[in-house]
Amino acid sequence: MNIFLPSFSRVCRSRLALQESESENKLDGETASDSESKSEFGGSLPVPTSDDTPEVLNRALSNLSSRWKNWWVRGILTLAMITFFFIIIYLGPMVLMMIVMCVQIKCFHEIITIGYNVYHSYDLPWFRTLSWYFLLCVNYFFYGETVTDYFFTLVQREEPLRILSKYHRFISFALYLTGFCMFVLSLVKKHYRLQFYMFGWTHVTLLIVVTQSHLIIHNLFEGMIWFIVPISCVICNDIMAYMFGFFFGRTPLIKLSPKKTWEGFIGGFFATVLFGLLLSYVMSGYRCFTCPVEFNNDTNSFTVDCEPSELFQLQEYNIPLVLQSVVGWKTLRMYPFQIHSIALSTFASLIGPFGGFFASGFKRAFKIKDFANTIPGHGGIMDRFDCQYLMATFVNVYIASFIRGPNPSKLIQQFLTLRPDQQLHIFNTLKAHLVDKGMLGSLEDA
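Residues numbered from 1 in each chain as written. Predicted model: local features only at pLDDT ≥ 70, side-chain atom pairs only at ≥ 80, totals over all residues. Heavy atoms only, no water.

So, about the overall build of the chain. Along its length, the chain carries 19 helices and 6 strands. Considering only residue pairs separated by 6 or more positions, the chain has 70% of its internal contacts joining residues 24 or more positions apart. Here the chain displays about 26900 Å² of accessible surface, and carbon together with sulfur accounts for 66% of that area. (Helix = DSSP H or I, 4+ residues; strand = E, 2+ residues; numbered from the N terminus. Contact = heavy atoms within 4.5 Å. Areas by Shrake-Rupley, 256 points an atom, 1.4 Å probe, with all protein chains shown as cover.)

Ranked by size, the top nonpolar core spans 69 residues in total, and within it Trp226, Phe227, Val229 and Phe337 carry the most contacts. Elements with a minimum of two residues in this core: α4 (66-91), α5 (93-119), α6 (127-150), α10 (192-221), α11 (224-248), α12 (262-283), α15 (336-350) and α17 (381-403). Not counting residues up to four positions away in its chain, the partners in contact with Phe227 are Phe85, Leu96, Val100, Ile216 and Leu220. (Core = buried A, V, L, I, M, F, W, Y, C linked by side-chain atoms within 4.5 Å. Buried < 20%, exposed > 50% of the residue type's maximum accessible area, 1.4 Å probe, protein only.)

Moving on, we get to the packing of α11 against α15. Across the interface, α11 lies against α15 with an axial gap of 9 Å and an inter-helix angle of 40°. Between α11 and α15, the angle is such that the two are oblique. Crossing handedness for the pair α11 and α15: right-handed. Note on element contacts: α15 touches α11 through Phe337, Leu344, Ser345, Ala348 and Ser349, opposite Ile225, Trp226, Val229, Pro230, Cys233, Val234 and Asn237. Among the residues making up the contact of α11 with α15, the classes are represented as 9 nonpolar, 3 polar and no charged. (Axes fitted to C-alpha atoms, helices over the stretch in contact; angles between N-to-C directions. Parallel < 35°, antiparallel > 145°, perpendicular 65-115°, else oblique. Left-handed = near helix turned anticlockwise from the far one by under 90°. Nonpolar A, V, L, I, M, F, W, Y, C, P; charged D, E, K, R; others polar.)

Attention now goes to the pattern of salt bridges. Per the stated rule, a full pass over the model turns up 10 salt bridges. We note a salt bridge from Asp238 to Arg384, for which the minimum N-O separation is 2.6 Å. One end of the pair, Asp238, is in helix α11; the other, Arg384, is in helix α17, with 146 residues separating them in the sequence. With its nearest N and O atoms 3.3 Å apart, the salt bridge here joins Arg419 to Asp421. By relative accessible area, which is 47% here, Asp421 ends up partly exposed. Ionic contacts of the salt-bridge type, sharing partners, join the residues Arg287, Asp305 and Glu307 into one network. (Salt bridge = Lys/Arg side-chain N within 4 Å of Asp/Glu carboxyl O.)

Attention now goes to the UniProt feature "transmembrane region" (unreviewed entry) in the chain. UniProt feature "transmembrane region" (unreviewed entry): in the numbering of this structure it lies at residues 126-143, 170-188, 195-217, 223-249, 261-283 and 337-359. The distance separating the terminal C-alpha atoms of residues 223-249 is 37 Å; by composition the span is 93% helix and 0% strand. A helix fraction of 96% and a strand fraction of 4% characterise residues 261-283, whose end C-alpha atoms lie 32 Å from each other. (UniProt positions renumbered as here; feature names shortened; annotations may be inferred.)

Moving on to the packing of aromatic side chains. Here the structure, examined in full by the defined rule, presents 27 aromatic pairs. Where Trp201 meets Phe366, the ring centres are 5.2 Å apart and the plane angle is 70°; that geometry is what we call edge-to-face. Here Phe366 lies in the loop between α16 (353-365) and α17 and Trp201 lies in helix α10, a separation of 165 residues in the sequence. Exposure class is identical for Trp201 and Phe366. Each is buried. Pairwise contacts between aromatic rings join Tyr133, Phe134, Tyr176, Phe180, Phe183, Phe196 and Phe199 into one cluster. (Phe/Tyr/Trp six-rings, centres within 6.5 Å; stacked < 30°, edge-to-face > 60°.)

Locating Thr417 in the fold gives a position in the loop between α18 (408-416) and α19 (420-436). Sequence separation of Thr417 and Thr153 is 264 residues, and the distance between their C-alpha atoms is 9.5 Å. Those residues in contact with Thr417 that lie beyond four places of it in its chain are Phe152, Gln156 and Gln423.

A few words on the pairing of strand β2 (residues 257-261). Note on strand geometry: in a regular strand, side chains alternate between the two faces of the sheet. In the sheet, strand β1 (residues 252-254) pairs with β2 via 2 bridges, with the strands oriented antiparallel. For Pro252, the partnering residue across the bridge sits in β2 and is Thr261. (Pairing = 2+ DSSP bridges.)

Next up on the list: the state of the cysteines. Taken as a whole and assessed by the stated rule, the structure comprises 1 disulfide. In this model, Cys291 is linked to Cys306 through a disulfide, with the two sulfur atoms separated by 2.1 Å. Residues Cys291 and Cys306 are joined through a disulfide that is left-handed, its torsion about the S-S bond being -95°. Taken together, the positions of Cys291 in the loop between α13 (287-290) and β3 (294-296) and Cys306 in the loop between β4 (301-303) and β5 (315-318) put the pair 15 residues apart, joining distant regions of the chain. Not part of a disulfide, Cys236 finds its nearest cysteine sulfur in Cys233, a span of 6.9 Å. (Disulfide = S-S within 2.5 Å.)

We now examine the side chain of Thr261. For Thr261, the location among the structural elements is in strand β2. When its relative accessible area of 12% is taken as the criterion, Thr261 is described as buried. Reaching out from Thr261, the side chain makes a polar contact with the backbone nitrogen of Gly264 at a distance of 3.1 Å. When sequence neighbours within four positions are dropped, the list of residues in contact with Thr261 reads Gly245, Gly249, Arg250, Thr251, Pro252 and Leu253. (Polar contact = N/O pair within 3.5 Å; in protein donor to acceptor, adjacent residues only side chain to side chain.)

Before going further, it helps to spend a moment on the packing of α4 against α5. Contact geometry for α4 and α5: axes closest at 6 Å, N-to-C directions at 130°. On the basis of their axis angle, the class for α4 and α5 is oblique. Taking contact as the criterion, the partners of Phe84, Ile88, Ile89 and Leu91 in α4 are, on α5, Val95, Leu96 and Ile99. Partitioned by chemical class, the residues of the contact of α4 with α5 number 7 nonpolar, no polar and no charged.

So, about unusual backbone geometry. The backbone of Lys367 shows a phi angle near 60°, a positive value even though the residue is not glycine. Its place among the elements puts Lys367 in the loop between α16 and α17.

Glancing now at the side chain of His214. Relative to the assigned elements, His214 resides in helix α10. When residues no more than four places from it in sequence are discounted, the contact partners of His214 are Phe142 and Thr146.

Below is the structure:
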């Protein structure tokens, strides 16, 4: 029996070593299912290694190390993108909505292209056609809802638009059902699982990209400031976190993004909060930024002129006694919106980066560096907007929860579309309610 003890010991040690090796692989982010996926999908995606930096910049920065060359390339192109952002803001809300639409389509294209590169060798029928068809259906539904909501008078004035508005949801559902049936008819016996993978891939992409871009447009209609400040806070946090991390970064933040550091994360937070306060103070003084974007039926154009709400009127706040001895002031004049900007900038700097971490995990799962090579030094459009989509959802929820109240103009528009007997019933009900409140004379006096 003693003869078998050494062999038994060797078997135990080998099994223990195997388990330790598997656990190390899992810590590195690769599980057994990942290995199976590699064999099923024909291996990992090739990592693009081509240098997409413009030749002019390559020549000008040829004497620098790769680290500093990347720093200058990112810096120059960041300034170019910020300049472009200012230009489209100057061109007005209609151009902004068109840009949001173009960005949405490009982000969808980049994500779907990754899926196509993974599965193209299987020759799945109608994959890209159905993906774009579902994008068309979802955009028709969301933008149709927006047109009906914000262009109500124009829709009621034009008979074709009125009919489309009345049956909009039924038409949208019919279009989606058509795509659903096309997908079922395209199923191939040997590729069932892969086709359902891609069906889910497409729908998750639609949820992430199209829904969020629709919320961005809704935020824009609440006022340009609700569009510009959140986006600018995300941009500021991205830039300042990179700067602090580049010069002071020492401590890794998260394994999904090895280059992210705690120094950059914390420095970006404080810089973004300060930036949000300053930008909100400047923009709150201009009606073109604070007034809701409304459609003028007389001129058939957008207008941003109104009497600013209390949110954008300077108020005097008492400084806590603990801080009075430090700052030397007893009161502080600021816009109430600046207080809300603290919540926006805090989310942009503490929670918003998790949208980027999510995108990093997605890219690592498919062994790619960037979603595309659209912007040299930055990757694809989705690489720049991964945090913006999460921010758009937060802003929309924040407005609905803490800012937006009943809109009298929309109520009146809906009231005028009712039948005369329905209008009379609402009038009598409202009159009786106001009499009970003592805001009108008695019904007998009337």
